[in-house]
Amino acid sequence: MNKFIINNQIYNSRLIVGTGKYKSFDETKLAIEASGAEIVTVAIRRMNLGQNKDSPNLLEFIDPNKYTILPNTAGCYNAKDAVRTCNIAAEILNGEKLVKLEVLGDKKTLYPNSIETLKAAEILVKDGFKVMVYTTDDPLIAKELENIGCISVMPLASPIGSGLGLQNKYNILSIVENANVPIIVDAGVGTASDASIIMELGCDGVLMNTAIACAKDPILMASAMKKSVEAGYEAFRAGRIPKKRYASASSPVEDNICNDE
Amino acid sequence: MKITVNQKLLVLDDKISLECLLVNLAVTTKYMAVEVNEIIIPKSEYTKYQLKNGDVVEVINAVGGG
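Reference entry: report on the structure contained in this document. The shown structure was predicted, so the numbers you read here are calculated from the model rather than taken from an experiment.

## Regarding the interface of chain B and chain A
Inference 1: On the side of chain A, 29 residues touch chain B, which itself brings 28 residues to the contact.
Inference 2: In this assembly, chain B packs against chain A so that about 2,500 Å² is buried in total across both faces, 55% of it on carbon and sulfur atoms.
Inference 3: Considering only the surface of chain B that becomes buried against chain A, Tyr31, Ala62 and Gly66 of chain B emerge as the three largest contributors, covering 25% of it.
Inference 4: Seen at the junction of chain B and chain A, the total is four salt bridges.
Inference 5: The partner of Arg84 of chain A in a salt bridge is Glu38 of chain B, and the shortest N-O contact between them spans 3.8 Å.

So, in C-alpha coordinates, the structure goes:
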(Lines give C-alpha, C1' and ligand atoms only; values in the text may rest on other atoms or scores of the structure.)
Protein backbone atom coordinates (compact mmCIF):
# COMPACT_ATOMS: atom_id res chain seq x y z
CA MET A 1 0.00 0.00 0.00
CA ASN A 2 1.38 3.40 -0.98
CA LYS A 3 1.66 5.74 1.93
CA PHE A 4 0.08 9.16 1.63
CA ILE A 5 3.03 11.51 2.04
CA ILE A 6 2.81 15.28 1.78
CA ASN A 7 5.85 17.45 2.47
CA ASN A 8 7.75 14.47 3.96
CA GLN A 9 4.98 13.69 6.43
CA ILE A 10 2.90 10.52 6.38
CA TYR A 11 -0.86 10.99 6.77
CA ASN A 12 -3.43 8.33 7.62
CA SER A 13 -6.33 10.26 6.13
CA ARG A 14 -6.54 10.92 2.41
CA LEU A 15 -9.31 13.42 2.92
CA ILE A 16 -8.34 17.10 3.12
CA VAL A 17 -11.07 19.47 4.25
CA GLY A 18 -11.71 23.18 4.06
CA THR A 19 -12.95 25.42 6.85
CA GLY A 20 -15.18 27.82 4.89
CA LYS A 21 -18.96 28.27 4.95
CA TYR A 22 -19.58 26.75 8.40
CA LYS A 23 -22.12 28.34 10.74
CA SER A 24 -19.64 28.59 13.60
CA PHE A 25 -16.10 27.67 14.59
CA ASP A 26 -17.58 25.00 16.88
CA GLU A 27 -19.31 23.38 13.94
CA THR A 28 -16.09 23.64 11.89
CA LYS A 29 -14.16 21.86 14.62
CA LEU A 30 -16.72 19.06 15.06
CA ALA A 31 -16.99 18.47 11.31
CA ILE A 32 -13.21 18.28 10.92
CA GLU A 33 -13.00 15.80 13.77
CA ALA A 34 -15.76 13.67 12.21
CA SER A 35 -14.00 13.76 8.82
CA GLY A 36 -10.79 12.34 10.25
CA ALA A 37 -8.85 14.85 8.13
CA GLU A 38 -5.34 15.75 9.23
CA ILE A 39 -4.74 18.50 6.67
CA VAL A 40 -7.05 21.49 6.82
CA THR A 41 -7.24 24.43 4.43
CA VAL A 42 -7.70 28.05 5.48
CA ALA A 43 -7.99 31.34 3.62
CA ILE A 44 -5.91 34.48 4.21
CA ARG A 45 -7.89 37.66 4.85
CA ARG A 46 -7.80 40.98 6.68
CA MET A 47 -8.37 40.59 10.39
CA ASN A 48 -11.72 41.78 11.65
CA LEU A 49 -10.75 44.79 13.76
CA GLY A 50 -14.33 45.91 14.31
CA GLN A 51 -16.35 46.14 17.50
CA ASN A 52 -15.86 42.51 18.45
CA LYS A 53 -12.33 42.81 19.71
CA ASP A 54 -12.62 39.50 21.53
CA SER A 55 -13.92 37.58 18.52
CA PRO A 56 -12.12 34.25 18.36
CA ASN A 57 -9.50 33.35 15.79
CA LEU A 58 -10.03 30.26 13.60
CA LEU A 59 -6.66 28.84 14.61
CA GLU A 60 -7.75 28.79 18.24
CA PHE A 61 -10.31 26.17 17.20
CA ILE A 62 -8.19 24.36 14.64
CA ASP A 63 -4.92 23.89 16.47
CA PRO A 64 -1.89 24.13 14.14
CA ASN A 65 -0.05 21.79 16.51
CA LYS A 66 -2.67 19.12 15.86
CA TYR A 67 -3.51 19.70 12.20
CA THR A 68 -1.41 20.56 9.17
CA ILE A 69 -2.70 23.99 8.17
CA LEU A 70 -2.80 24.47 4.42
CA PRO A 71 -3.31 28.16 3.58
CA ASN A 72 -4.84 28.84 0.19
CA THR A 73 -4.65 31.73 -2.25
CA ALA A 74 -8.39 31.71 -2.93
CA GLY A 75 -9.59 34.97 -4.40
CA CYS A 76 -6.33 35.65 -6.26
CA TYR A 77 -6.67 36.25 -9.99
CA ASN A 78 -3.01 36.75 -10.90
CA ALA A 79 0.40 35.35 -9.98
CA LYS A 80 1.52 38.49 -8.13
CA ASP A 81 -1.40 38.44 -5.70
CA ALA A 82 -1.02 34.69 -5.15
CA VAL A 83 2.69 35.03 -4.33
CA ARG A 84 1.95 37.95 -1.99
CA THR A 85 -0.71 35.86 -0.22
CA CYS A 86 1.65 32.91 0.19
CA ASN A 87 4.31 35.12 1.76
CA ILE A 88 1.72 36.50 4.19
CA ALA A 89 0.55 32.95 4.96
CA ALA A 90 4.10 31.89 5.82
CA GLU A 91 4.39 34.86 8.20
CA ILE A 92 1.03 34.00 9.83
CA LEU A 93 2.10 30.38 10.31
CA ASN A 94 5.48 31.38 11.71
CA GLY A 95 7.55 30.22 8.77
CA GLU A 96 5.60 27.21 7.48
CA LYS A 97 5.86 27.22 3.69
CA LEU A 98 3.26 24.61 2.70
CA VAL A 99 0.64 26.34 0.55
CA LYS A 100 -2.33 25.59 -1.65
CA LEU A 101 -1.86 27.68 -4.78
CA GLU A 102 -5.00 28.61 -6.64
CA VAL A 103 -5.11 31.36 -9.22
CA LEU A 104 -8.58 31.82 -10.58
CA GLY A 105 -9.77 32.98 -13.97
CA ASP A 106 -13.23 34.42 -13.40
CA LYS A 107 -15.78 34.74 -10.65
CA LYS A 108 -18.56 32.82 -12.36
CA THR A 109 -16.71 29.54 -12.86
CA LEU A 110 -13.79 30.00 -10.43
CA TYR A 111 -11.95 28.02 -13.07
CA PRO A 112 -8.15 28.03 -12.66
CA ASN A 113 -6.12 30.47 -14.78
CA SER A 114 -3.43 28.07 -15.98
CA ILE A 115 -1.05 30.75 -17.30
CA GLU A 116 -0.97 32.69 -14.02
CA THR A 117 -0.93 29.45 -12.01
CA LEU A 118 2.21 28.29 -13.85
CA LYS A 119 3.88 31.68 -13.32
CA ALA A 120 3.07 31.71 -9.59
CA ALA A 121 4.16 28.10 -9.14
CA GLU A 122 7.59 28.84 -10.62
CA ILE A 123 8.16 31.81 -8.35
CA LEU A 124 6.92 30.03 -5.23
CA VAL A 125 8.96 26.87 -5.83
CA LYS A 126 12.08 29.03 -6.32
CA ASP A 127 11.27 30.83 -3.07
CA GLY A 128 11.22 27.54 -1.19
CA PHE A 129 7.47 27.05 -0.88
CA LYS A 130 6.00 23.56 -0.88
CA VAL A 131 3.28 24.08 -3.43
CA MET A 132 0.11 22.02 -3.69
CA VAL A 133 -1.54 23.40 -6.76
CA TYR A 134 -5.19 23.63 -7.81
CA THR A 135 -5.51 23.19 -11.54
CA THR A 136 -7.76 22.22 -14.42
CA ASP A 137 -8.12 18.59 -15.45
CA ASP A 138 -5.72 19.16 -18.37
CA PRO A 139 -3.10 16.39 -18.17
CA LEU A 140 -0.42 18.52 -19.87
CA ILE A 141 -0.78 21.43 -17.45
CA ALA A 142 -0.82 18.97 -14.54
CA LYS A 143 2.47 17.44 -15.71
CA GLU A 144 4.02 20.87 -16.26
CA LEU A 145 3.13 21.88 -12.70
CA GLU A 146 4.79 18.70 -11.46
CA ASN A 147 7.87 19.44 -13.57
CA ILE A 148 8.08 22.94 -12.09
CA GLY A 149 8.40 21.31 -8.69
CA CYS A 150 4.93 21.38 -7.13
CA ILE A 151 4.69 18.69 -4.46
CA SER A 152 1.09 17.81 -5.26
CA VAL A 153 -1.16 18.50 -8.21
CA MET A 154 -4.83 19.05 -7.48
CA PRO A 155 -7.11 18.95 -10.51
CA LEU A 156 -10.77 19.83 -10.16
CA ALA A 157 -13.60 17.31 -10.38
CA SER A 158 -15.95 20.15 -11.39
CA PRO A 159 -16.24 23.84 -10.45
CA ILE A 160 -15.63 24.87 -6.84
CA GLY A 161 -18.76 24.54 -4.73
CA SER A 162 -20.80 23.13 -7.64
CA GLY A 163 -21.40 19.68 -6.19
CA LEU A 164 -21.42 18.28 -9.72
CA GLY A 165 -18.99 15.49 -8.88
CA LEU A 166 -16.36 14.09 -11.23
CA GLN A 167 -17.07 15.32 -14.76
CA ASN A 168 -13.98 14.24 -16.65
CA LYS A 169 -13.02 10.83 -15.37
CA TYR A 170 -10.68 9.98 -18.22
CA ASN A 171 -8.63 13.15 -17.91
CA ILE A 172 -8.20 12.54 -14.19
CA LEU A 173 -7.15 8.98 -15.00
CA SER A 174 -4.55 10.30 -17.47
CA ILE A 175 -3.24 12.73 -14.87
CA VAL A 176 -2.97 9.96 -12.25
CA GLU A 177 -1.23 7.57 -14.65
CA ASN A 178 1.39 10.15 -15.63
CA ALA A 179 2.08 11.55 -12.17
CA ASN A 180 5.02 11.11 -9.82
CA VAL A 181 3.52 13.37 -7.14
CA PRO A 182 0.28 12.87 -5.20
CA ILE A 183 -2.82 13.72 -7.23
CA ILE A 184 -5.54 15.12 -5.01
CA VAL A 185 -8.85 15.95 -6.65
CA ASP A 186 -9.89 19.34 -5.35
CA ALA A 187 -13.35 20.87 -5.83
CA GLY A 188 -16.68 19.73 -7.14
CA VAL A 189 -17.54 16.86 -4.80
CA GLY A 190 -21.24 16.86 -3.91
CA THR A 191 -21.82 13.71 -1.94
CA ALA A 192 -20.09 10.63 -0.61
CA SER A 193 -20.21 8.55 -3.79
CA ASP A 194 -18.40 11.33 -5.69
CA ALA A 195 -15.43 10.95 -3.37
CA SER A 196 -15.45 7.16 -3.74
CA ILE A 197 -15.48 7.40 -7.54
CA ILE A 198 -12.45 9.71 -7.42
CA MET A 199 -10.53 7.40 -5.10
CA GLU A 200 -11.46 4.32 -7.15
CA LEU A 201 -9.55 5.85 -10.08
CA GLY A 202 -6.35 5.71 -8.06
CA CYS A 203 -6.18 9.32 -6.93
CA ASP A 204 -4.12 9.87 -3.80
CA GLY A 205 -6.66 12.02 -2.02
CA VAL A 206 -9.66 14.30 -2.18
CA LEU A 207 -10.04 17.88 -0.99
CA MET A 208 -13.49 19.25 -0.26
CA ASN A 209 -15.23 22.00 1.66
CA THR A 210 -18.74 22.90 0.49
CA ALA A 211 -20.04 19.32 0.27
CA ILE A 212 -19.51 18.98 4.00
CA ALA A 213 -20.02 22.53 5.26
CA CYS A 214 -23.25 23.13 3.35
CA ALA A 215 -24.83 19.71 3.90
CA LYS A 216 -27.97 19.77 6.07
CA ASP A 217 -25.96 17.97 8.74
CA PRO A 218 -22.29 18.84 8.15
CA ILE A 219 -20.98 16.60 10.91
CA LEU A 220 -22.82 13.55 9.59
CA MET A 221 -21.66 14.34 6.04
CA ALA A 222 -18.08 14.67 7.29
CA SER A 223 -18.36 11.17 8.72
CA ALA A 224 -19.83 9.90 5.42
CA MET A 225 -16.96 11.47 3.47
CA LYS A 226 -14.38 9.85 5.73
CA LYS A 227 -15.87 6.44 4.95
CA SER A 228 -16.34 7.12 1.24
CA VAL A 229 -12.70 8.15 0.76
CA GLU A 230 -11.54 5.06 2.64
CA ALA A 231 -13.98 2.81 0.75
CA GLY A 232 -12.96 4.21 -2.63
CA TYR A 233 -9.28 3.80 -1.88
CA GLU A 234 -9.73 0.23 -0.62
CA ALA A 235 -11.76 -0.61 -3.74
CA PHE A 236 -8.98 0.81 -5.92
CA ARG A 237 -6.40 -1.34 -4.15
CA ALA A 238 -8.68 -4.39 -4.26
CA GLY A 239 -9.07 -4.01 -8.05
CA ARG A 240 -12.55 -3.89 -9.48
CA ILE A 241 -13.99 -6.53 -11.82
CA PRO A 242 -14.16 -5.74 -15.53
CA LYS A 243 -17.52 -4.50 -16.79
CA LYS A 244 -19.41 -7.00 -18.97
CA ARG A 245 -22.36 -6.52 -21.27
CA TYR A 246 -24.25 -9.64 -20.06
CA ALA A 247 -24.82 -11.59 -16.84
CA SER A 248 -22.47 -14.08 -15.24
CA ALA A 249 -24.13 -16.38 -12.67
CA SER A 250 -22.79 -16.27 -9.14
CA SER A 251 -24.22 -19.71 -8.24
CA PRO A 252 -22.94 -22.93 -9.88
CA VAL A 253 -24.63 -23.75 -13.16
CA GLU A 254 -23.89 -27.52 -12.75
CA ASP A 255 -25.92 -30.03 -10.68
CA ASN A 256 -28.99 -27.88 -10.59
CA ILE A 257 -31.83 -30.29 -9.55
CA CYS A 258 -34.42 -28.11 -11.19
CA ASN A 259 -32.71 -27.71 -14.50
CA ASP A 260 -30.75 -30.70 -15.89
CA GLU A 261 -29.24 -29.59 -19.14
CA MET B 1 -0.44 61.60 11.81
CA LYS B 2 -2.79 59.66 9.58
CA ILE B 3 -2.43 55.96 8.86
CA THR B 4 -4.74 53.48 7.20
CA VAL B 5 -5.34 50.20 9.02
CA ASN B 6 -7.34 47.54 7.22
CA GLN B 7 -8.81 50.17 4.93
CA LYS B 8 -9.87 52.41 7.84
CA LEU B 9 -8.28 55.83 8.36
CA LEU B 10 -6.84 56.42 11.84
CA VAL B 11 -5.78 59.85 13.05
CA LEU B 12 -3.14 59.71 15.80
CA ASP B 13 -1.69 62.51 17.91
CA ASP B 14 1.72 60.96 18.40
CA LYS B 15 4.14 58.68 16.69
CA ILE B 16 3.39 55.06 17.38
CA SER B 17 5.20 51.77 17.03
CA LEU B 18 3.57 48.86 15.26
CA GLU B 19 3.54 46.98 18.57
CA CYS B 20 1.60 49.81 20.27
CA LEU B 21 -0.86 50.02 17.41
CA LEU B 22 -1.60 46.27 17.68
CA VAL B 23 -2.03 46.53 21.46
CA ASN B 24 -4.47 49.43 20.97
CA LEU B 25 -6.37 47.37 18.44
CA ALA B 26 -6.47 44.46 20.92
CA VAL B 27 -4.77 42.11 18.47
CA THR B 28 -3.44 39.24 20.53
CA THR B 29 -3.19 36.14 18.33
CA LYS B 30 0.21 34.79 17.43
CA TYR B 31 -1.16 33.57 14.09
CA MET B 32 -1.17 36.83 12.20
CA ALA B 33 0.83 38.93 9.77
CA VAL B 34 1.28 42.64 9.22
CA GLU B 35 2.08 44.40 5.99
CA VAL B 36 3.06 48.05 5.89
CA ASN B 37 2.85 49.50 2.38
CA GLU B 38 2.71 45.94 1.02
CA ILE B 39 5.92 44.87 2.80
CA ILE B 40 5.64 42.18 5.46
CA ILE B 41 7.00 43.26 8.83
CA PRO B 42 8.28 40.22 10.75
CA LYS B 43 6.82 39.74 14.24
CA SER B 44 10.25 40.27 15.79
CA GLU B 45 10.30 43.85 14.46
CA TYR B 46 6.93 45.08 15.76
CA THR B 47 8.43 46.78 18.82
CA LYS B 48 11.02 48.85 16.99
CA TYR B 49 8.97 49.52 13.84
CA GLN B 50 7.78 53.14 13.90
CA LEU B 51 4.77 53.96 11.76
CA LYS B 52 4.93 57.05 9.57
CA ASN B 53 2.30 59.45 8.29
CA GLY B 54 0.50 57.94 5.31
CA ASP B 55 1.43 54.33 6.04
CA VAL B 56 -1.01 51.71 4.84
CA VAL B 57 -1.18 48.86 7.34
CA GLU B 58 -2.82 45.51 6.73
CA VAL B 59 -3.40 43.19 9.68
CA ILE B 60 -4.06 39.73 8.30
CA ASN B 61 -5.02 36.35 9.67
CA ALA B 62 -6.35 32.94 8.68
CA VAL B 63 -10.09 32.55 8.19
CA GLY B 64 -12.36 29.76 7.06
CA GLY B 65 -11.75 28.76 3.46
CA GLY B 66 -11.48 25.81 1.10
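## Overview of the pattern of salt bridges
Residues and elements named next belong to chain A.
Inference 1: If you walk through the whole model with that rule in mind, you get twelve salt bridges over all chains.
Inference 2: For Lys23, the salt bridge goes to Glu27, with nearest N and O atoms at 3.2 Å.
Inference 3: The exposure class of Lys23 is exposed, given its relative accessible area of 67%.
Inference 4: Where Glu33 meets Lys29, a salt bridge forms, and the shortest distance between an N and an O atom there is 3.3 Å. One end of the pair, Glu33, and the other, Lys29, are both in helix H1 (residues 25–35), four residues apart, so they sit about a helical turn from each other.

## Considerations on the nonpolar core
Inference 1: Counting 71 residues, the largest nonpolar core has Leu101, Met208, Ile212 and Met225 of chain A as the members making the most contacts within it.
Inference 2: If one sorts the elements of this core by residue count, helix H3 (residues 79–92) of chain A sits on top with eight residues.

## Examining the packing of helix H5 (residues 139–148) of chain A against helix H6 (residues 169–178) of chain A
All names here are of chain A.
Inference 1: One way to put it is that H5 packs onto H6 with a least axis distance of 9 Å and a crossing angle of 30 degrees. The angle between the axes of H5 and H6 places the two elements in the roughly parallel class. The way H5 lies across H6 gives a crossing that is right-handed. In contact with Pro139, Ala142, Lys143 and Glu146 of H5, H6 contributes Asn171, Ser174, Ile175 and Asn178.
Inference 2: When its residues are assigned to classes, the contact of H5 with H6 shows three nonpolar, three polar and two charged.

Definitions and limits used
Residues numbered from 1 in each chain as written. Chains lettered and ligands numbered in written order. Predicted model: local features only at pLDDT ≥ 70, side-chain atom pairs only at ≥ 80, totals over all residues. Heavy atoms only, no water. Contact = heavy atoms within 4.5 Å. Buried area = accessible area lost by both parts, 1.4 Å probe. Salt bridge = Lys/Arg side-chain N within 4 Å of Asp/Glu carboxyl O. Buried < 20%, exposed > 50% of the residue type's maximum accessible area, 1.4 Å probe, protein only. Helix = DSSP H or I, 4+ residues; strand = E, 2+ residues; numbered from the N terminus. Core = buried A, V, L, I, M, F, W, Y, C linked by side-chain atoms within 4.5 Å. Axes fitted to C-alpha atoms, helices over the stretch in contact; angles between N-to-C directions. Parallel < 35°, antiparallel > 145°, perpendicular 65-115°, else oblique. Left-handed = near helix turned anticlockwise from the far one by under 90°. Nonpolar A, V, L, I, M, F, W, Y, C, P; charged D, E, K, R; others polar.

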